[in-house]
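Chain by chain, the residues run as shown.
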Amino acid sequence: MRFTRYGKFNGLDVWSLNLGDLMEGLSDSLLSSGFDDDYYWTRERVPRDTSLDALRRALLQALIEQGMLSERQIQQMLDENEGKYEGSQLQEMLNQLIERLVEEGYLTLHEEPQNSERRRDQSGNGQGQIEEPLPRNVKFEVTEKGLDFLGYKTLRGLLGSLGKSSMGRHDTMHLATGVEAESASKPYEFGDTINLDVNATLLSAIQREGLSVPLNLEYRDLHVHQCDYQSSCATVVMLDCSHSMILYGEDRFTPAKKVALALGHLIRTQYPGDSLKIVLFHDSAEELPVAKLATTQVGPYHTNTAEGLRLARRILQAQRKDMKQIVMVTDGKPTACFVEGAPTSLSAVRRHPAGHPLATASGSVTRRLYKNSMGGDPYVMEATFREVQACRKAGIMINTFMLASDYYLVEFVKQMTAMTNGKAYFANPSNLSQFVLIDFLKRRKSRVK
């Protein structure tokens, strides 16, 4: 007689797993900023590991931290395969999780060709040989859907911690006709939304002619409701990716990236008329697509705040929005700026005002980077405040979130925000995102010049 032997299932039901919770657990790994590398001593950026093995390790760590898988279950799955990972139930389970993440659109896989040295080693010398095939070089990337979902998770957690409140819109001090009545009604004028205030309209006619039937309504009797006038807003998030963002024992850049993702999701879902751009500033400055934010790491750079403000101002001036603002996240004072020309010493820099075309021997104009790692350099500060003044003239408000609280940094931020009537917050990586979202959701009152 044939018997069927059943054993206890020691793995995890992959197909009933909540992928949202899993993606939330993977957020730190997917948005890694290079903090785990020995960056303090080497000052070299190690390329981010996007192999499937790295993804499997991150998945396993997330499952353990969220209590979905215990170390005892892992050991049981390995023991069933004589302690080997290859071909075990654990490997199959992780592969199924990756398959689900790809099918749901959170991740995408692509195969990269083997490097030329390995192909040359396998070319052989004309003699046949038997060996194991080369492993496939498969890499993973976070999709736009995955990034948007991470922003949603960050935003939901932050808003949930704030309690019940109305998110509102970008309200101004002016009134307009609309659907939601916020104030007393007004006489109808040509072009107003015909949101008729019936009571005020009838009362005007009665006061003019008395109570009679039929009631004679005239054009001047018409009254419409008023509501808050809402405007659109263009926002540029400036992220400091200088080496200090991961240098002093804590990761300050990954929380900053989460803030940018949360703001992106908020604007896309709640403020469809708004726009959000991201600018990285370091030795230079560059506009960064949101899709590239996950793979961006901190580099061995200085802090060129002036160039970041310059690029952000140009982006905002091209936007046709009623309100324009810069949200700058940084942890230090400016330490670099660009110099037109090729000065050989600090005295040469100070002899020429900014923008002076210092010509080289050949007569051509070059643009060089001037650096002072100690911070507080007069020339660097002058260039920075010059860009702050340009933002003020362009009607751009600067909100600064400083991830440090040194005295000289406080004074610098106070001076900069006072010039543009902006706001300044001093935060740390654990509460940075809450500070940013509180400020962004605050009901603002704009002034028309």
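A brief look at the structure comes next. (Residues numbered from 1 in each chain as written. Predicted model: local features only at pLDDT ≥ 70, side-chain atom pairs only at ≥ 80, totals over all residues. Heavy atoms only, no water.)

Turning our eyes to something else, we now look at the overall build of the protein. Counting its regular elements, the protein contains 14 helices and 13 strands. Every one of the 449 residues in the protein was classed for burial, and the buried ones make up 45%. At a minimum sequence separation of 6, the contacts of the protein that also span at least 24 residues come to 77%. Accessible surface for the protein amounts to roughly 25,000 Å². Of this, 50% is attributable to carbon and sulfur atoms. (Helix = DSSP H or I, 4+ residues; strand = E, 2+ residues; numbered from the N terminus. Buried < 20%, exposed > 50% of the residue type's maximum accessible area, 1.4 Å probe, protein only. Contact = heavy atoms within 4.5 Å. Areas by Shrake-Rupley, 256 points an atom, 1.4 Å probe, with all protein chains shown as cover.)

Moving on: the sheet that holds strand 13 (residues 424–426). Across the sheet, six strands lie side by side as 8-7-6-9-12-13; this open sheet has mixed pairing. Bordering the open sheet on either side are strand 8 (285–288) and strand 13, each of which pairs with just one other strand. Between one strand and the next, the sheet's axes are offset by a mean angle of 20°, whatever the strand orientation. Across three bridges, the pairing between strand 12 (residues 397–402) and strand 13 is parallel. The partner of methionine 402 across the bridge, within strand 13, is phenylalanine 426. In the packing of helix 10 (residues 305–317) onto the sheet, the strands contacted are strand 6 (233–240), strand 7 (275–281), strand 8, strand 9 (323–330) and strand 12, and the crossing angle to strand 6 comes to about 160°. (Pairing = 2+ DSSP bridges. Axes fitted to C-alpha atoms, helices over the stretch in contact; angles between N-to-C directions.)

In this section: the nonpolar core. Counting residues in hydrophobic clusters, the biggest one holds 66 residues, and the most contacted among them are Leu22 and Leu239. The element best represented in this core is helix 9 (residues 253–270), accounting for nine residues. Residue contacts for leucine 22: discarding those within four places in its chain leaves Leu17, Leu59, Ala62, Leu63, Gln66, Leu97 and Leu101. Leu309, Ile326, Leu409 and Val413 belong to the second largest nonpolar core, which has 25 residues in total. (Core = buried A, V, L, I, M, F, W, Y, C linked by side-chain atoms within 4.5 Å.)

The next subject is the side chain of threonine 254. Relative to the helices and strands, threonine 254 resides in helix 9. From its side chain, threonine 254 meets the backbone oxygen of leucine 31 in a polar contact 3.4 Å long. Apart from residues no more than four positions distant in its own chain, threonine 254 is found in contact with Asp28, Leu31, Ser32 and Ser33. (Polar contact = N/O pair within 3.5 Å; in protein donor to acceptor, adjacent residues only side chain to side chain.)

Now for helix 8 (residues 198–209). With twelve residues, helix 8 should cover 16 Å at 1.5 Å per step; its first-to-last C-alpha distance of 17 Å lies within 8% of that length. Residues of helix 8 that are buried: Ala200, Thr201, Ser204 and Ala205. Buried residues of helix 8, seen end-on, are gathered within an arc of 135° and therefore sit on one face of the element. Summarising the geometry of helix 8, the exposed residues directed more than 90 degrees from the buried face are Asn199 and Gln207. (Expected span 1.5 Å × (residues − 1). Arc of directions from axis to C-beta.)

The omega torsion across valine 213 and proline 214 is 0°, close enough to zero to call that bond cis. The phi angle at glutamate 82 is positive, at roughly 60°, despite the residue not being glycine. Topologically, glutamate 82 is positioned in the loop between helix 4 (71–79) and helix 5 (89–103). One non-glycine residue, asparagine 421, lies in positive phi territory at about 55°. By the secondary structure assignment, asparagine 421 is in the loop between helix 13 (407–420) and strand 13. What makes asparagine 421 exposed here is its relative accessible area of 65%.

So, about the packing of helix 1 (residues 19–30) against helix 5. As a packed pair, helix 1 and helix 5 sit with axes 12 Å apart at the nearest point and diverge in direction by 100°. Classified by the angle between their axes, helix 1 and helix 5 sit roughly perpendicular to one another. On helix 5, the residues touching Leu19, Leu22, Met23 and Leu26 of helix 1 are Leu97, Arg100 and Leu101. Residues belonging to the contact of helix 1 with helix 5 are distributed by class as follows: six nonpolar, no polar and one charged. (Parallel < 35°, antiparallel > 145°, perpendicular 65-115°, else oblique. Nonpolar A, V, L, I, M, F, W, Y, C, P; charged D, E, K, R; others polar.)

On to the pattern of salt bridges. Proximity of charged atoms lets side chains of opposite charge pair with each other. Under the criterion given, the structure shown has 14 salt bridges. Of the charged contacts, one joins glutamate 218 and arginine 208 as a salt bridge, the two residues approaching to 3.2 Å between their closest N and O atoms. With a gap of ten residues between them, glutamate 218 in the loop between helix 8 and strand 5 (223–230) and arginine 208 in helix 8 connect regions that are remote in the sequence. As a salt-bridge pair, arginine 386 and glutamate 382 come within 3.2 Å of each other at their nearest N and O atoms. With a gap of four residues between them, arginine 386 and glutamate 382 both fall in helix 12 (residues 378–393), about one helical turn apart. (Salt bridge = Lys/Arg side-chain N within 4 Å of Asp/Glu carboxyl O.)

Examined against the element boundaries, valine 224 turns out to sit in strand 5. For valine 224, a relative accessible area of 1% puts it in the buried group. For the pair valine 224 and leucine 196, spaced 28 residues apart in the sequence, the C-alpha separation amounts to 4.4 Å.

Moving on, we come to the packing of aromatic side chains. For the structure on display, the rule yields six aromatic pairs. A centroid spacing of 5.9 Å and a plane angle of 75° characterise the contact between tyrosine 188 and tyrosine 219, whose relative ring orientation is edge-to-face. With tyrosine 188 in the loop between strand 4 (183–187) and helix 8 and tyrosine 219 in the loop between helix 8 and strand 5, this residue pair connects regions lying 31 residues apart in the sequence. Tyrosine 188 sits in the buried class, given a relative accessible area of 17%. Residue class for tyrosine 219 comes out exposed when judged on its relative accessible area of 52%. Among the aromatic residues, those joined into a ring-pair cluster are Tyr106, Phe149 and Tyr152. Taking NZ or CZ as reference, lysine 145 lies 4.9 Å from the ring centre of tyrosine 106, over its face. Above the plane of the ring of phenylalanine 338 lies arginine 367, whose end atom (NZ or CZ) is 4.0 Å from the centre. (Phe/Tyr/Trp six-rings, centres within 6.5 Å; stacked < 30°, edge-to-face > 60°. Lys NZ or Arg CZ within 6 Å of the ring centre and 35° of its normal.)

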